[in-house]
Amino acid sequence: MRVERGLILFAGLGSLALLAGALAFQFLGGLAPCSMCIWQRWPHAAALAATALGLAALPRLSALFGAGAMLAGVGLALYHVGVEQRWWAGPATCSAGDIGGLSAEALFEQIMTAPIVRCDEVAWDFLAISMAGWNGLLSLALAALWLGVLRRPGRPIRRAQASSSASQ
């Protein structure tokens with residue numbers, strides 16, 4: 001197996017694992033996703049498509065596509081973390097927003113039309129990092145794997161190991 005195919009496969013499996021984890025939290029753990037959580041799943045789906053493309057025929061093109069998808073995922077995760085930490089406002093459809101100037105009727109209407117799952121609340125964290133934060137960190141690592149494919153154009157594993165042992 002070539003190094004690039006191994007990196008592509010590993011990056012694709014990473015996205016698959018993150019998607020499976022999100023679905024497990026949702027369906028097995030009962031943790032309903034907010035709309036921003038759903039947005040963060042799309043780059044992993046795109047990375048799975050890039051994996052199929054890379055393993056089938058076009059590893060360098062798929063690496064660009066996969067890295068781009070993961071960097072978009074990092075951006076979405078950073079945006080979500082910022083909303084969770086109240087560094088900036090999130091979409092009006094899933095955040096509390098400013099209710100200071102609302103009348104009682106308008107406030108009641110906002111409450112009645114608000115989604116059940118809010119984007120500006122941390123629903124789960126580990127080591128003080130939210131699920132969105134973990135997704136961002138792991139997506140960054142996966143982007144590095146995709147970019148690693150571009151650095152290692154088509155060299156077999158044996159040749160790479162042989163050249164490193166010969167130089168010692």
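Residues numbered from 1 in each chain as written. Predicted model: local features only at pLDDT ≥ 70, side-chain atom pairs only at ≥ 80, totals over all residues. Heavy atoms only, no water.

A.B. asks: Explanation requested: a nonpolar patch on the surface in the structure shown.
C.D. replies: On the surface, a cluster of nonpolar side chains totalling about 400 Å² of accessible area is made up of Phe-25, Trp-124, Phe-126 and Leu-127. With respect to the secondary-structure elements, Phe-126 resides in strand S1 (residues 125-126). (Patch = residues over 30% accessible without salt bridge, like charges linked within 9 Å, V, L, I, M, F, W, Y side chains within 5 Å. Areas by Shrake-Rupley, 256 points an atom, 1.4 Å probe, with all protein chains shown as cover. Salt bridge = Lys/Arg side-chain N within 4 Å of Asp/Glu carboxyl O. Helix = DSSP H or I, 4+ residues; strand = E, 2+ residues; numbered from the N terminus.)

A.B. asks: Looking at this structure, I do not really get unusual backbone geometry. What am I missing?
C.D. replies: Note on backbone geometry: most residues besides glycine have negative phi, and most peptide bonds are trans. One non-glycine residue with positive phi stands out, namely Arg-86, at about 65°. Here Arg-86 shows up in the loop between helix H4 (59-84) and helix H5 (104-113). Taking the relative accessible area as the measure of exposure, Arg-86 reaches 51% and is therefore exposed. (Buried < 20%, exposed > 50% of the residue type's maximum accessible area, 1.4 Å probe, protein only.)

A.B. asks: Mind showing me how you'd approach the packing of aromatic side chains here?
C.D. replies: Each aromatic ring pair is summarised here by two numbers: the centre-to-centre distance and the angle between the ring planes. Inspection of every chain in the model, using the stated rule, returns four aromatic pairs. Residues Trp-87 and Trp-88 carry aromatic rings whose centres are separated by 6.0 Å and whose planes lie at 65° to one another, so their mutual orientation is edge-to-face. The class for Trp-88 is partly exposed, based on a relative accessible area of 37%. Pairing Phe-126 with Trp-134 gives two aromatic rings, centres 6.2 Å apart and planes at 40°, and the pair type is tilted. Through a chain of ring-to-ring contacts, three or more aromatic side chains come together here, namely Phe-25, Trp-124, Phe-126 and Trp-134. (Phe/Tyr/Trp six-rings, centres within 6.5 Å; stacked < 30°, edge-to-face > 60°.)

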